[in-house]
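Chain residues, written in single-letter form:
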Amino acid sequence: AQTVTQSQPEMSVQEAETVTLSCTYDTSENNYYLFWYKQPPSRQMILVIRQEAYKQQNATENRFSVNFQKAAKSFSLKISDSQLGDTAMYFCAFMIGGRVPGGKLIFGQGTELSVKP
Amino acid sequence: GAVVSQHPSRVICKSGTSVKIECRSLDFQATTMFWYRQFPKQSLMLMATSNEGSKATYEQGVEKDKFLINHASLTLSTLTVTSAHPEDSSFYICSAKLANTDTQYFGPGTRLTVL
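Keep in mind the model is a prediction, meaning the values are calculated, not measured. (Residues numbered from 1 in each chain as written. Chains lettered and ligands numbered in written order. Predicted model: local features only at pLDDT ≥ 70, side-chain atom pairs only at ≥ 80, totals over all residues. Heavy atoms only, no water.)

## Remarks on the overall build of chain A
Here is the rule: Only DSSP runs of H or I with at least four residues qualify as helices, and only runs of E with at least two residues qualify as strands; both kinds are numbered from the N terminus onward. Our radius of gyration looks at C-alpha atoms and nothing else; its globule reference is 2.2 Å times the residue count to the power 0.38. Whether a residue is buried, partly exposed or exposed follows from its accessible area with a 1.4 Å probe, protein chains only, as a fraction of its type maximum: under 20%, in between, or over 50%, in that order. Any two residues having at least one pair of non-hydrogen atoms within 4.5 Å are treated as being in contact.
Helices and strands together make up the secondary structure of chain A, namely zero helices and twelve strands. N-terminal to C-terminal, the α/β element order of chain A is β-β-β-β-β-β-β-β-β-β-β-β. Rg of the C-alpha trace for chain A: 14 Å, near the compact-globule value of 13 Å for 117 residues, within the 12% margin. Referenced to the eigenvectors of the C-alpha coordinate spread, the extents of chain A come out at roughly 40 × 30 × 25 Å. Taken over 117 residues, chain A has a buried fraction of 50%. Put simply, of all contacts in chain A between residues at least 6 apart along the chain, 56% involve residues at least 24 apart.

## Overview of the interface of chain A and chain B
Applicable threshold: Once two parts are put together, the accessible area they lose, assessed with a 1.4 Å probe and summed over both, is termed the buried area. Salt bridges are defined by distance alone: a side-chain nitrogen of Lys or Arg within 4 Å of a carboxyl oxygen of Asp or Glu.
Of the residues lining the interface, 24 residues belong to chain A; the matching set on chain B comes to 25 residues. Interface area, chain A with chain B, both sides summed: about 1,900 Å², of which 48% is carbon and sulfur. Inspection of the region where chain A meets chain B yields three salt bridges. Here Glu59(B) and Lys104(A) are joined by a salt bridge, their closest N and O atoms 3.0 Å apart.

## Focus on the side chain of Arg37(B)
To keep it simple, the criterion reads: The sign given to each residue is positive for Lys and Arg and negative for Asp and Glu; His and the chain ends receive no count.
By secondary structure assignment, the location of Arg37(B) is in strand 4 (residues 30-38). Buried charged residue Arg37(B) carries no salt bridge. Nearest counter-charge: Asp88(B), at 4.5 Å.

## Remarks on the state of the cysteines
Two cysteines, two sulfur atoms, one covalent bond between them: this is a disulfide. Residues and elements named next belong to chain A. Which entries qualify depends on this criterion: Here, two cysteine sulfur atoms that lie within 2.5 Å of each other are counted as a disulfide.
The full count for this structure, using the stated rule, is two disulfides over all chains. In this model, Cys23 is linked to Cys92 through a disulfide, with the two sulfur atoms separated by 2.0 Å. When the S-S torsion is -70°, as for the bridge of Cys23 with Cys92, the disulfide is left-handed. On the criterion of sequence distance, the pair formed by Cys23 in the loop between strand 3 (19-21) and strand 4 (24-26) and Cys92 in strand 10 (residues 88-96) is long-range, its members being 69 residues apart. Residue Cys23 is classed as buried on the basis of its relative accessible area of 1%.

## Re the packing of aromatic side chains
Condition: Pairing of aromatic side chains here covers Phe, Tyr and the six-membered ring of Trp, requires ring centres within 6.5 Å, and sorts the geometry by plane angle: under 30 degrees stacked, over 60 edge-to-face, intermediate tilted.
In the structure shown here, the tally under the stated rule is 14 aromatic pairs over all chains. Ring centres of Phe107(A) and Tyr36(B) lie 5.8 Å apart, and the angle between their planes is 80°; on these two criteria the pair is classed as edge-to-face. One end of the pair, Phe107(A), is in strand 11 (residues 105-107); the other, Tyr36(B), is in strand 4, on a second chain. Each member of the pair, Phe107(A) as well as Tyr36(B), is classed as buried. Where Tyr36(B) meets Phe106(B), the ring centres are 5.6 Å apart and the plane angle is 40°; that geometry is what we call tilted.

## Thoughts on the sheet that holds strand 1 (residues 4-7) of chain B
All names here are of chain B. Keep this limit in mind: Paired strands, as defined in this entry, are two strands with at least two bridges between them according to DSSP. For every element, the axis is a line fit to its C-alpha atoms; helices are fit only across the contacting stretch, and the angle between N-to-C directions ranges from 0 to 180 degrees.
Overall, antiparallel pairing links the four strands, which are arranged 1-3-8-7 in an open sheet. Lying at the two open borders of the sheet, with one neighbouring strand each, are strand 1 and strand 7 (67-73). Averaged over all neighbouring strand pairs, the angle between strand axes comes to 15°, with direction disregarded. Both strand 3 (residues 19-25) and strand 8 (residues 76-81) contribute to a ladder of six bridges, which runs antiparallel. Bridge pairing in strand 8 links Glu22 to Thr78.

## Here we look at the pairing of strand 8 (residues 64-69) of chain A
Residues and elements named next belong to chain A. With two bridges connecting them, strand 7 (residues 60-61) and strand 8 associate as antiparallel partners. Looking at the pairing, Glu61 lines up with Phe64 of strand 8. Where strand 7 hands over to strand 8, the hairpin turn is made up of two residues, of which Asn62 adopts a positive phi near 55°. Judged from the six bridges that link them, strand 8 and strand 9 (residues 74-79) form a sheet pairing that is antiparallel. Its bridge partner being in strand 9, Val66 is matched across the sheet by Leu77. Hairpin geometry of strand 8 and strand 9 is characterised by an intervening segment of four residues between the two adjacent antiparallel strands and by a positive phi of about 55° at Lys73.

Just distances and angles here, no functional claims.
See the structure below:
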């Protein structure tokens, strides 16, 4: 069975600084996808970034980037130049071989990030 | 693009009644939709996977007779909580996935309160 672990229940960062959220996962699969979702106080889940396991290059989306270490089964999220609007719960998620019917997400426990002015 | 809506956003009902929650993909066809339940300060727990035109696949421990899921079209899935009880009070979230893609798009959620 696949598991996703986020070991930091809460984190805080000063506005404009950089913060890294950690995520580890366990799987015996070779073809899978990893995601970071953000859930602000509105509770709307928003996709932040995705990574395909077969790609060695780390994904980036503007201020958000990941450090994907496949051998270590680690998938951390770095937020640069933190903004107040980044305050949210962040969930790491795993999906096996997405391009098949089903393709369910397995979520980590979440990290609550507070960006302080 | 890739917008998912849910209705209602909030519902309060009496114990013993049934409640239907709708999930719609507004600008794409979703061959697969998912239903999650989330308690405060906790992660999303997958309840079931719904494929258009077929029966939903429920996760272990989820009562299929209590949580009825219908996915009659490529843009609409419904979750009916039958004979609701206070312990069913929670935040219910749906998501939808385009055919042959990997990304799920989430609805805004429905807060159910059972009195």
